[in-house]
Amino acid sequence: MKRARLIYNPTSGREEMKRRLPDILQRLDQGGIEATCHATIGEGDATLAAADAADRGYDMIIAAGGDGTLYEVINGLANKPNRPPLGILPVGTTNDFARATGIPKHWEYACDLIIGQYTRPVDVGVANERYFINIAGGGSLTELTYDVPSKLKTMVGQLAYYMKGLEKMTRLRPTELKFVAEGVGEFHDEFMLFLICNSNSVGGFERLAPDSKIDDGLLDVLLIRKMNLAEFIRLVTLALRGEHLSDPHVIHLRTNSLKVTTPDYVQINLDGEYGGVLPAHFSVLPSHLRIFADETGESTYR
């Protein structure tokens, strides 16, 4: 039997995890995985639980929840010398990383993926002293993920983000930012927001960074120049179709190291969670973790 530490958020995805927990444990057990559980009780708890599980020598860690739970687990694992492989049960609201890596949304198939024991390497992003697995960003629109109350997400799911986004769009303003990208150059201008992508799926937009790969040792960076509200709405429409990279308001580059500074107060968003404020240095740790994945590459999120 393999020993697993299952770290789960009981409020994720309209509290689906609480209802499914006995079935999940039974399915894992039948597949040769003996799992003990840790239910998170507040911010940062999953990070402590993941660090403890790594120190205690578990054969694997399973993160059950949304992108926020995964973010905390990553931050508990990334700086450990012993980093057991990571299983993911995407029972959250958006699940961007699961979309990007083809991890099934249905809990039974996601469990079977872990039982199969096939792993693939994934890069991990670094932002100052913190880690991210999917996306880092800054600007007023990136703040909405931690502006949405947990109760609202539980009630209406991803619609909660759209409701908050519509509210924020009327208050969008540009910010003076300077970017220094290794191997690319400098950019100094007024920008609406910036996104640093480790995968192709961000906020449910599966084509936002269409060529980004989770294991190429690079970060895909999108810089969105100053624009009015009508132009921004048009850009969002293009992004839904993956046609936004040729828009003159968008600067797209790839790098393994990026420094961002500003004279203003700008918060950083890491995988949908608050990640401090600028200035910041962003980099990537190539193939730093291993996740359970489909050996054929055919498994999908849907």
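Preceding block: the structure.
Counting of residues starts from 1 at the beginning of each chain's written sequence and follows it residue by residue. In keeping with the model being predicted, local features are shown solely for residues with a pLDDT of at least 70 and side-chain atom pairs are shown and tallied solely at 80 or more, while totals for entire chains, interfaces and linings include all residues. As a rule here, side-chain values come from all non-hydrogen atoms in the structure, and water together with hydrogens is ignored.

**Q** Before we move on, can you summarise a nonpolar patch on the surface with the specific residues and values?
**A** A cluster of nonpolar side chains, contributed by Y265, Y274 and V277, occupies part of the molecular surface with about 300 Å² of accessible area. Secondary structure elements follow DSSP: runs of H or I of four or more residues count as helices, runs of E of two or more count as strands, with numbering from the N terminus. By the element assignment, Y274 lies in strand 14 (residues 273-277). Since its relative accessible area comes to 37%, Y274 is described here as partly exposed. Each patch is built from residues that are more than 30% exposed by relative accessible area and take part in no salt bridge. Like charges join if they lie within 9 Å; nonpolar side chains (Val, Leu, Ile, Met, Phe, Trp, Tyr) join within 5 Å. Where accessible areas are quoted, they stem from the Shrake-Rupley method and a 1.4 Å probe; at the residue level, only the protein chains shown are allowed to cover. A carboxyl oxygen of Asp or Glu within 4 Å of a side-chain nitrogen of Lys or Arg is what we treat as a salt bridge. Residue burial is assigned from relative accessible area. The probe radius is 1.4 Å, only protein chains are included, and a residue is buried under 20% of its type maximum, exposed over 50%, and partly exposed in between.

**Q** Outline the packing of helix 1 (residues 12-30) against helix 5 (residues 107-116), supporting the account with residue identities and numerical values.
**A** Structural elements are reduced to axes, namely lines fitted to C-alpha atoms, with helices fitted over the stretch in contact, and the angle between N-to-C directions of any two is expressed from 0 to 180 degrees. Relative to each other, helix 1 and helix 5 sit at 40°, their axes nearing to 10 Å. By the angle class used here, helix 1 and helix 5 are oblique. Crossing of helix 1 against helix 5: the hand is right-handed. Contacts from E16, R20, D23, I24, R27 and L28 in helix 1 reach W107, E108, C111, D112 and I115 in helix 5. Following the grouping adopted for this structure description, the nonpolar residues are Ala, Val, Leu, Ile, Met, Phe, Trp, Tyr, Cys and Pro, the charged ones are Asp, Glu, Lys and Arg, and the polar ones are all others, Gly among them. Among the residues making up the contact of helix 1 with helix 5, the classes are represented as 5 nonpolar, no polar and 6 charged. Any angle between 65 and 115 degrees counts as roughly perpendicular, while under 35 counts as roughly parallel, over 145 as roughly antiparallel, and the rest as oblique. Note on convention: the crossing is left-handed when the near helix lies turned anticlockwise from the far helix by less than a right angle, right-handed when the turn is clockwise. Contacts are assigned to residue pairs that have any heavy atoms within 4.5 Å of one another.

**Q** Any chance you could break down the pairing of strand 13 (residues 267-270) for me, citing the residues and the numbers?
**A** Neither face of strand 13 is open: one carries Q267 and N269, the other I268 and L270, and all of them are buried. Judged from the 3 bridges that link them, strand 7 (residues 135-138) and strand 13 form a sheet pairing that is antiparallel. Bridging across to strand 13, G137 finds its partner in N269. Here a strand pair is declared whenever DSSP counts at least two bridges between the two strands. Here 3 bridges tie strand 13 to strand 14, and the two strands are oriented antiparallel to one another. Residue N269 lies in a different strand from strand 14, and its bridge partner there is Y274. Here strand 13 folds back onto strand 14 in antiparallel fashion, the turn holding 2 residues, of which D271 has a positive phi close to 50°.

**Q** Summarise helix 9 (residues 229-240); cite the residues concerned and give the values.
**A** To estimate how far a helix should extend, the number of its residues minus one is multiplied by 1.5 Å. In a regular helix each residue adds 1.5 Å, so 12 residues correspond to 16 Å; helix 9 covers 17 Å between its end C-alpha atoms and thus fits that length. Among the residues of helix 9, those classed as buried are F232, L235, L238 and A239. Axial view of helix 9: buried residues confined to an arc of 115°, hence all on one face. Away from its buried face, by an angle of more than 90 degrees, helix 9 presents the exposed residues A230 and L240. Side-chain atoms alone can form a polar contact between residues adjacent in sequence; in general such a contact is a pair of N or O atoms within 3.5 Å, and within protein one must be able to donate a hydrogen while the other accepts it. A distance of 3.2 Å separates the backbone nitrogen of A230 from a side-chain oxygen at the start of helix 9, and that oxygen is part of N228. Of the residues trailing helix 9, G242 is marked for its positive phi of about 75°. Arc definition: directions from the helix axis to the C-beta atoms.

**Q** Which residues make up the packing of aromatic side chains, and what values go with them?
**A** Centre distance within 6.5 Å is the pairing criterion for rings of Phe, Tyr and Trp, where only the six-membered ring of Trp is used; planes under 30 degrees apart are then read as stacked, over 60 as edge-to-face, and the remainder as tilted. The tally for this structure, following the rule as stated, stands at 3 aromatic pairs. Ring geometry for F179 and F194: centres 5.4 Å apart, planes at 75°, overall edge-to-face. Placement of the pair is F179 in strand 8 (residues 175-181) and F194 in strand 9 (residues 185-197), with a sequence separation of 15 residues. Each of the two residues, F179 as well as F194, counts as buried. Ring geometry for F194 versus F282: centroids 6.2 Å apart, planes at 70°, classification edge-to-face. On the criterion of sequence distance, the pair formed by F194 in strand 9 and F282 in strand 15 (residues 280-292) is long-range, its members being 88 residues apart.

**Q** Before we move on, can you summarise helix 1 with the specific residues and values?
**A** An ideal rise of 1.5 Å per residue puts 27 Å on 19 residues; helix 1 measures up with 25 Å between its terminal C-alpha atoms. In this scheme, the bend at a residue equals the angle between the axes fitted to the seven residues that finish there and the seven that begin there. Maximal helix bending in helix 1 amounts to about 55°, located at L21; proline P22 follows within four positions. Considered for burial, the residues of helix 1 that qualify are S12, M17, L21, I24 and L28. Along its buried surface, helix 1 packs onto strand 1 (2-8), strand 2 (33-39), strand 3 (60-65), helix 3 (67-77), strand 4 (86-90) and helix 5. G32 lies just past helix 1 and shows a positive phi near 90°.

**Q** I'd like a rundown of the packing of helix 2 (residues 45-55) against helix 3, residues and numbers included.
**A** For any two helices packed against each other, one specifies the inter-axial angle together with the distance between the axes. Interaxial distance between helix 2 and helix 3 falls to 7 Å at its minimum, and their mutual angle equals 40°. In terms of orientation, helix 2 and helix 3 fall into the oblique class. Both helix 2 and helix 3 take part in a crossing whose hand is right-handed. Mapping the contact onto sequence places D45, A46, T47, A50, A51 and A54 in helix 2 and T69, E72, V73, N75, G76 and L77 in helix 3. Of the residues assigned to the contact of helix 2 with helix 3, the class counts are 6 nonpolar, 4 polar and 2 charged.

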